[in-house]
Structure formats: structure tokens, C-alpha cells
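# A look at the structure
The chain contents come next:
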Amino acid sequence: MTKAIIGIANFKDTQNELLDIAARLDSGERLPDADYQLNFATASQLFTEITPKRLELLDTLKRTGPQSVYRLAKTLRRNYSNVHSSVVGLLGLGLIAKDANDKVYVPWDDVEIHVSLSRSIAA
């Protein structure tokens, strides 16, 4: 099962994790497939990018399957330009994708949001 996990991590933790992965790869270790991780430095940054409207869009798209941005706007009963803006933002974050027919979809089996305020404290 592939998941997108959205959370909060300070730079020091992320740096240490990346250095550990690099060392394991350098030693020739074959790493298992990993979930997609999208981390923000603070809860405020996370909720600036992952707004309630974007969460609704993700949920609707996950439930209804691939569709054009126009159809998605109709499904959500929202203005096309606002939905288009959200789609562009979510594409940039890697939370949605486009297929060969230019339809947008959620490429993950699940999307989780983990918020721990203690993880946002800079080390």
C-alpha cells in the first residue's frame, strides 16, 4: 500500500534521516519501497498549503476517480479558477497527478496527516 504522509519535521531531523539513507545506499543496501513523505517546518505552514478546501478536493478526487479539472469543479460546486489553483498547488506538492488524458487523480492508496507540535520545534 502506498501512502502519502504529510507531517511536520524540523530541518535537523530531516537532515539526519537523509544522511542515514545516503549512508545505507552507499554501503550497497537495497532499501524497501517507501511511502511519500511531505513535511513542513511548522503546523502553520502545513495548514497554509493543506487547506480545508484542498482536503475536500483530495477526498472528492480519491472517492470519484480521475477527472478533468472542469468536472472536478462541477463535482465540488466551486469556481473553476479556484479549483484549478488548488489543483496546481496539489500537483506541485505531489499529492495529485495527471494521467495521459490530462485527468487529475490521487496516486496514493491513502493520504495521512500527522501533526505533532513538538516536532516543529527547531533543534
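Look up: the structure comes first, before these words.
This one's a predicted model, so the numbers in the text were calculated from it and none came from an experiment. (Residues numbered from 1 in each chain as written. Predicted model: local features only at pLDDT ≥ 70, side-chain atom pairs only at ≥ 80, totals over all residues. Heavy atoms only, no water.)

### Observations concerning the packing of aromatic side chains
Here the structure, examined in full by the defined rule, presents 1 aromatic pair. Arranged with centres 5.1 Å apart and planes meeting at 10°, the rings of Tyr36 and Trp108 form a pair that is stacked. Taken as a pair, Tyr36 in strand β2 (residues 36-40) and Trp108 in the loop between β4 (104-105) and β5 (110-113) lie far apart in primary sequence, 72 residues in all. Look at Trp108 and you get buried, because its relative accessible area is 17%. (Phe/Tyr/Trp six-rings, centres within 6.5 Å; stacked < 30°, edge-to-face > 60°. Helix = DSSP H or I, 4+ residues; strand = E, 2+ residues; numbered from the N terminus. Buried < 20%, exposed > 50% of the residue type's maximum accessible area, 1.4 Å probe, protein only.)

### Observations regarding the packing of helix α3 (residues 52-64) against helix α5 (residues 80-93)
Where α3 contacts α5, the axes come no closer than 10 Å and their chain directions differ by 80°. The orientation of α3 with respect to α5, classified from their angle, is roughly perpendicular. Residue-level contacts link Arg54, Leu57 and Leu58 of α3 to Val83, Ser85, Ser86, Val87, Gly89, Leu90 and Leu93 of α5. For the contact of α3 with α5, the class distribution of residues is 6 nonpolar, 3 polar and 1 charged. (Axes fitted to C-alpha atoms, helices over the stretch in contact; angles between N-to-C directions. Parallel < 35°, antiparallel > 145°, perpendicular 65-115°, else oblique. Contact = heavy atoms within 4.5 Å. Nonpolar A, V, L, I, M, F, W, Y, C, P; charged D, E, K, R; others polar.)

### Examining the pattern of salt bridges
According to the stated counting rule, one finds 6 salt bridges in the structure shown. The salt bridge partner of Glu29 is Arg24, with a shortest N-O separation of 2.9 Å. Classification of Glu29 by relative accessible area gives partly exposed; the value is 34%. Residue Lys98 is joined to Asp102 by a salt bridge in which the shortest nitrogen-to-oxygen separation is 3.5 Å. Sharing partners across several salt bridges, the network here consists of Asp20, Arg24 and Glu29. (Salt bridge = Lys/Arg side-chain N within 4 Å of Asp/Glu carboxyl O.)

### A word on helix α4 (residues 69-76)
All of the buried residues along α4 are Val69, Leu72, Ala73 and Leu76. Looking straight down α4, one finds that the buried residues subtend no more than 100° of arc, so they occupy a single side. Where α4 is buried, its residues contact α3, α5 and β4. Immediately downstream of α4, the backbone of Arg77 shows phi near 55°, a positive value. (Arc of directions from axis to C-beta.)

### Some words on unusual backbone geometry
Look at Arg77: it is not a glycine, yet its phi comes out positive at around 55°. Examined against the element boundaries, Arg77 turns out to sit in the loop between α4 and α5. Phi at Asp102 is positive, roughly 70°, even though this residue is not glycine. Secondary-structure assignment places Asp102 in the loop between β3 (97-98) and β4.

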